[in-house]
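Inside the fold
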Amino acid sequence: MREVVIIEGVRSPVARRKGGFVNTRPDELAAIVLDELVSRAGVAKSDVEDVILGCVSQAGEQGGNIARTVALIAGFPDYVPGVTIDRQCGSSQQAVHFGAQAILAGDMDIVIAGGVESMTRVPMFSNMQGAKPSKKLTDQYEIINQGLSAERIADKWGFTREQLDAFSVQSHERAQHAIKEGRYKREIVPIQTEGPNNEALIVTEDEGPRPGTTQEVLGSLKTVFDENGVITAGNASQMSDGASAVLLMSADKARELGLKPKARIIARSVVGSDPTLMLTGPIAATRKVLAKTGLEIGDMDRYEVNEAFAPVPLAWLHDIGGDPEKLNVNGGAISLGHPLGATGTKLLVSLLHELERTNGRYGLLAICEGMGMANATIIEKL
């Protein structure tokens, strides 16, 4: 039976919205990441059979099938195709799943899967052009924004503002500790660009973590979606810019090329969930992906569950019975940022390197997605 392995994975730093990448086009940012990916892997660009990129706001500089333009900018031969997909926040994780499925089917042997998002240069929802949901949809479901969904999750699971803020403080502390220890250095591609004032700039670290983030500081922030609610800018993910990618290959092709894989993909899942509550999908996706393998949550050495809003990973921990000391150990989207289309492979790259750092075996990634969906992936370090 064919097996899918990960040869290499890299990412850009994640810049704050209107931060270090304010003058960096998203297609050019992703091209730098793809160029570095194949260089580190020792694979010829001409051997890549497809480039699959996730991107949510496919408009402006991110329109026109950005995966194709990224591959061309990065110097891939013109016969290497590219396709862009949108599964909301899990877009690049789904890119990995599609790439793995192509390899498992025998259609391809070498695929790049990744994602990109500039929430600075292509604002969120710009691809919607102000369109409102169909009445045929709203007659069936209450369509609300994700912030209100997060409020409802907090209420349903009984999370207090103090609990959400404490989790958020921990995210910042873990991220700052990881950066101080250099845990992210191996996975990050430094990006040479122009800063906000057109000055020469090399971005080498994630910009999101804020020193001095305390329970008191977060407690002073006003709620955003419900004046009597619990969700604030401090316990929600940050708008960000970034790009990330992994090189997938059949195990047979890796052996043929004399390459040593970093990990193998052993299971994938995707689920739909309540489009009103919206952000609870990672719970069902995790149960589904574990059932595919016969493994249990206790077998996982690390897990990344995207911190879209603090109630999301907390509800996941509660229902799955996970160990909080294995969850997002180097920070998450609350501190590090959430460049929508890039987040899936960004987290996969970080999970991969964390398993290498700790000599762990199994890692799990789960991401909630707009309109009620989620992906989950289990990898095994080799």
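The sections below set out a description of the structure shown in this document. Nothing here was measured: the structure is a model prediction, and the numbers come from that model.

**What to know about the nonpolar core**
L164, L279, M300, F309, W316 and L364 are the most contacted members of the largest nonpolar core, which totals 42 residues. For this core, the elements supplying multiple residues, two or more each, are helix 5 (146-157), helix 6 (161-180), strand 9 (263-272), helix 9 (281-293), strand 10 (302-305), helix 10 (311-320), strand 11 (362-369) and strand 12 (373-381). Per element, the largest residue contribution to this core is 6 residues, and it comes from helix 10. Among all residues touching L164, those that are not within four sequence positions of it are A154, F159, V230, I231, N235, A310, P311 and L314. Residues L29, V48, V51 and A71 belong to the second largest nonpolar core, which totals 38 residues.

**A short note on the layout of surface pockets**
Roughly 1200 Å³ of volume is contained in the largest pocket. Residue assignment for the lining of the largest pocket shows that the elements contributing at least two residues are helix 5 and helix 7 (215-219). Across the lining of the largest pocket, the residue classes break down as 25 nonpolar, 15 polar and 4 charged. In this structure, the second largest pocket encloses a volume near 190 Å³. M1, R2, E3, V4, L104, R264, I265, I266, A267, R268 and K292 are the residues that line the second largest pocket. Looking at which element gives the most residues to the lining of the second largest pocket, the answer is strand 9, with 5 residues. Partitioning the lining of the second largest pocket into residue classes produces 6 nonpolar, no polar and 5 charged.

**Focus: the packing of helix 9 against helix 10**
Describing two packed helices takes the angle between their axes plus the distance from one axis to the other. Orientation of helix 9 relative to helix 10, taken along the N-to-C sense of each, is 40°, at an axis distance of 9 Å. Between helix 9 and helix 10, the angle is such that the two are oblique. Where helix 9 crosses over helix 10, the handedness of that crossing is right-handed. Contacts between helix 9 and helix 10 involve P282, I283, T286 and R287 from the former and A315, W316, D319 and I320 from the latter.

**Describing unusual backbone geometry**
Positive phi outside glycine occurs at N65, with the angle close to 60°. Positionally, N65 belongs in the loop between strand 3 (50-54) and helix 2 (66-73). The backbone of M278 sits at a positive phi, close to 70°, despite the residue not being glycine. Mapped onto the fold, M278 is located in the loop between strand 9 and helix 9. Using a relative accessible area of 3% as the deciding quantity, one classes M278 as buried.

Definitions and cut-offs
Residues numbered from 1 in each chain as written. Predicted model: local features only at pLDDT ≥ 70, side-chain atom pairs only at ≥ 80, totals over all residues. Heavy atoms only, no water. Core = buried A, V, L, I, M, F, W, Y, C linked by side-chain atoms within 4.5 Å. Buried < 20%, exposed > 50% of the residue type's maximum accessible area, 1.4 Å probe, protein only. Helix = DSSP H or I, 4+ residues; strand = E, 2+ residues; numbered from the N terminus. Contact = heavy atoms within 4.5 Å. 1 Å grid on protein atoms, 1.4 Å probe; cavity = no way out; pocket = protein on both sides within 12 Å on 5 of 7 lines; lining within 4 Å. Points joined across faces, edges and corners; volume = space filled by probe spheres on them. Nonpolar A, V, L, I, M, F, W, Y, C, P; charged D, E, K, R; others polar. Axes fitted to C-alpha atoms, helices over the stretch in contact; angles between N-to-C directions. Parallel < 35°, antiparallel > 145°, perpendicular 65-115°, else oblique. Left-handed = near helix turned anticlockwise from the far one by under 90°.

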